[in-house]
Amino acid sequence: MRLYFDNNATTPVAPDVLAAMLPFFSERFGNPSSVHGLGDDAADALRAARSAVARLLDARSPKEIVFTSGGTESINTAIHSAVALNPDRRTIVTSAVEHSAVRAPLAELETRGWRIVRAGVDADGRIDRAAIEAAITSDCALVALMLANNETGVISDLDGIGERCRSVGALMHVDAVQAAGKVRIDVARIGADFVSISAHKFHGPKGVGALWVRDGITCPPLLRGGSQENSVRPGTENVTGIIGLGQAAESARAFAQDDAARARVAGLRDRLERGILDQVSGARANGAGAPRTFNTTNIAFEGLEAEAMLGLFSSQELYASAGSACHAKARKPSHVLTAMGLDADQAASCVRFSLARHTTEAEVEQALGIVVESVAALRALA
Ligand code: PLP
């Protein structure tokens, strides 16, 4: 049996999502811009998907939703827009634990003269709110913070930060890529100006996402072309992908509001975490003292290398991850874990297990057995 515990990297497309998409590859193949029945059919389907995404985010209007190619594009569009809309400001406030989709564009702006304030986190990965609030001044163009961390699942307390941004005229972007479908997202309550999500993190297809843009803000486009997506994102729409995103958004919204369903998965995550901590000496859960998404546990295995563990897990069809997928291939210590105070060796010993809404107790028990035996085998070799 394949044991997939890497759902923060990507999730399988849900059967209802695939079923919703399929007709748009074949008989319902119209271009939403075409002025005929087939085009109208695609345009109607796009409208329904936009409404579903707006509902997932508790947005005021579907008009606030811009479809994109995923989290990375949504985030880059928001950062590009905030900087262009606040041309006289030179400070951007962020945290030390953001995803590379935020880190890289900000690092690039830094080379062009922007001052980037990267607030630290405590040992459990909670962002330093005091440092963030102190840096939100009249020179601040943008505050860019994540709602849920991809490596640890730690949920940021963002309450009031949007209000503070507004009081000085700064814009706020929230990376909700790991939060969508796990944490209830209410864009009005967060008080942000931009929110990014990505379908493949909640059982939709890869390569499609959305950017919520507060009503009244006009984003300067990254690409130039036609007038699709209000000219913010020109180019013929990825209709099948967007239909999948819409369908996935419906289910994600239902799941995020279903306390019992979330508690079931949280219980399984806790069972896996507790089982490892009890049975593996020197194991420690990162971020366990902070509020976390219900599906994620990130565990340090003292003296071991995540890479060796993942290889042994994979040979038994247990799939997990060392930090985020891109770090896993880049072989750099995770910036998230080092920001939490782990040294390079400790960070290299960490494995992330991320469950899905369909994960079963039997899968957790099997995974736990494989982890305990594999660690024992690796320690015996050493
Ligand atoms: N932000 C976070 C927190 C993520 O976890 C990811 C994906 O891993 C992204 C952004 C990028 O999203 P995408 O893969 O859709 O470009």
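What counts as what
- Each chain carries its own residue numbering, running from 1 in the written order of its sequence.
- A pLDDT threshold of at least 70 governs which residues receive local features in this predicted model, and a stricter bar of 80 or more applies before side-chain atom pairs are shown or counted, although totals over entire chains, interfaces and linings include all residues.
- The basis for every side-chain value is the complete set of non-hydrogen atoms in the structure, without hydrogens or water.
- Both site types are read off a 1 Å grid over the protein atoms alone. A 1.4 Å probe that fits but cannot get out defines a cavity, while an open set with protein on both sides within 12 Å along at least five of seven lines defines a pocket; lining residues have an atom within 4 Å of a point.
- Grid points are joined across faces, edges and corners, and a volume is the space filled by probe spheres set on the points.
- Numbering of helices and strands runs from the N terminus, with a helix taken as a DSSP run of H or I at least four residues long and a strand as a DSSP run of E at least two residues long.
- Each residue gets one label: Ala, Val, Leu, Ile, Met, Phe, Trp, Tyr, Cys and Pro are nonpolar, Asp, Glu, Lys and Arg are charged, and the others, such as Gly, are polar.
- Here a polar contact is taken to be a pair of N or O atoms separated by no more than 3.5 Å, where protein atoms must pair a possible hydrogen donor with a possible acceptor and residues adjacent in sequence count only if both atoms sit in side chains.
- In this analysis, two residues are considered to be in contact whenever any of their non-hydrogen atoms come within 4.5 Å of each other.
- Strand pairing is defined by DSSP finding a minimum of two bridges between the two strands.
- Angles shown run from 0 to 180 degrees and are taken between the N-to-C directions of axes, each axis being a line fitted to C-alpha atoms and, for helices, limited to the stretch in contact.
- Classification of residues uses two cut-offs on accessible area relative to the type maximum, computed with a 1.4 Å probe and protein chains only: under 20% is buried, over 50% is exposed, and between them is partly exposed.
- Between rings of Phe, Tyr and Trp, where Trp is taken as its six-membered ring, a pair exists when centres lie within 6.5 Å; planes separated by under 30 degrees are stacked, by over 60 edge-to-face, and by other angles tilted.
- By definition here, charges over rings are those cases where NZ of Lys or CZ of Arg is within 6 Å of the ring centre and within 35 degrees of the ring normal.

Visitor: In this structure, what is going on with the layout of surface pockets? I would like to understand it.
Guide: Any space left empty among the atoms is revealed by the rolling of a water-sized probe across them. The computed volume of the second largest pocket comes to approximately 430 Å³. Secondary structure elements with two or more residues in the lining of the second largest pocket: α2 (37-56) and β2 (65-68). When residues in the lining of the second largest pocket are grouped by element, the largest group, 4 residues, is from α2. Across the lining of the second largest pocket, the residue classes break down as 9 nonpolar, 5 polar and 8 charged.

Visitor: Sorry, what's going on with the side chain of arginine 269 here?
Guide: One can find arginine 269 in helix α9 (residues 259-279). There is a polar contact of 2.8 Å between the side chain of arginine 269 and the side chain of aspartate 270. Residues contacting arginine 269, with those up to four places away along its chain left out, are Arg292, Thr293, Phe294, Asn295, Thr296, Thr297 and Leu355.

Visitor: Would you mind going over the sheet that holds strand β10 (residues 296-301) with me for this structure?
Guide: Either a parallel or an antiparallel arrangement is found when strands of a sheet pair, and the pairing is made through backbone hydrogen bonds. Strand order in the open sheet formed by 3 strands is β9-β10-β12, and the pairing between neighbours is antiparallel. The open sheet has two free edges, formed respectively by β9 (283-285) and β12 (350-354), since each of these has just one partner strand. This sheet shows a mean twist of 25° between the axes of neighbouring strands, independent of strand direction. Examined bridge by bridge, β9 and β10 share 3 bridges and lie antiparallel to one another. In the sheet register, alanine 283 faces β10, and the bridge partner there is phenylalanine 301. Contacts from α9 reach β9, β10 and β12 within the one sheet, and its direction differs from that of β10 by about 10°.

Visitor: Just to check I follow, could you spell out the side chain of asparagine 298 for this structure?
Guide: Turning to its location among the elements, asparagine 298 is positioned in strand β10. Side-chain polar atoms of asparagine 298 contact the backbone oxygen of glutamate 151, separated by 2.9 Å. When near neighbours in sequence (up to four residues on either side) are disregarded, asparagine 298 contacts Glu151, Thr152, Arg284, Ala285, Asn286, Leu337, Cys350, Val351 and Arg352.

Visitor: In this structure, what is going on with the environment of leucine 85? I would like to understand it.
Guide: For leucine 85, the location among the structural elements is in helix α3 (residues 71-85). For leucine 85, a relative accessible area of 38% translates into the label partly exposed. Separated by 77 residues in sequence, leucine 85 and asparagine 8 place their C-alpha atoms 32 Å apart. Filtering out sequence-adjacent residues up to four positions away, leucine 85 remains in contact with Leu171, Ile217, Thr218 and Pro220.

Visitor: Looking at this model, I keep getting lost on the pairing of β2. Mind explaining?
Guide: Within a regular strand, side chains alternate between the sheet's two faces. Where burial is concerned, the two faces of β2 agree: the one with Ile65 and Phe67 and the one with Val66 and Thr68 are both buried. When β2 meets strand β8 (residues 209-213), the two strands line up antiparallel, connected through 4 bridges. Residue pairing in the sheet places threonine 68 in a bridge with glycine 209 of β8.

Visitor: Help me understand the packing of aromatic side chains in this model?
Guide: The description of two aromatic rings rests on the distance between their centres and on the angle between their planes. Overall, the coordinates contain 2 aromatic pairs when judged by the stated rule. Judged by centre distance (5.5 Å) and plane angle (55°), the ring pair of phenylalanine 255 and phenylalanine 294 falls under tilted. Remark: phenylalanine 294 occurs in the loop between β9 and β10 and phenylalanine 255 occurs in helix α8 (residues 239-256); sequence separation between them is 39 residues. The class of phenylalanine 255 is buried, set by a relative accessible area of 10%. Looking at phenylalanine 294, the relative accessible area reads 10%, which means it is buried. A cation over a ring is seen here: arginine 90 above tryptophan 114, with NZ or CZ 4.0 Å from the ring centre.

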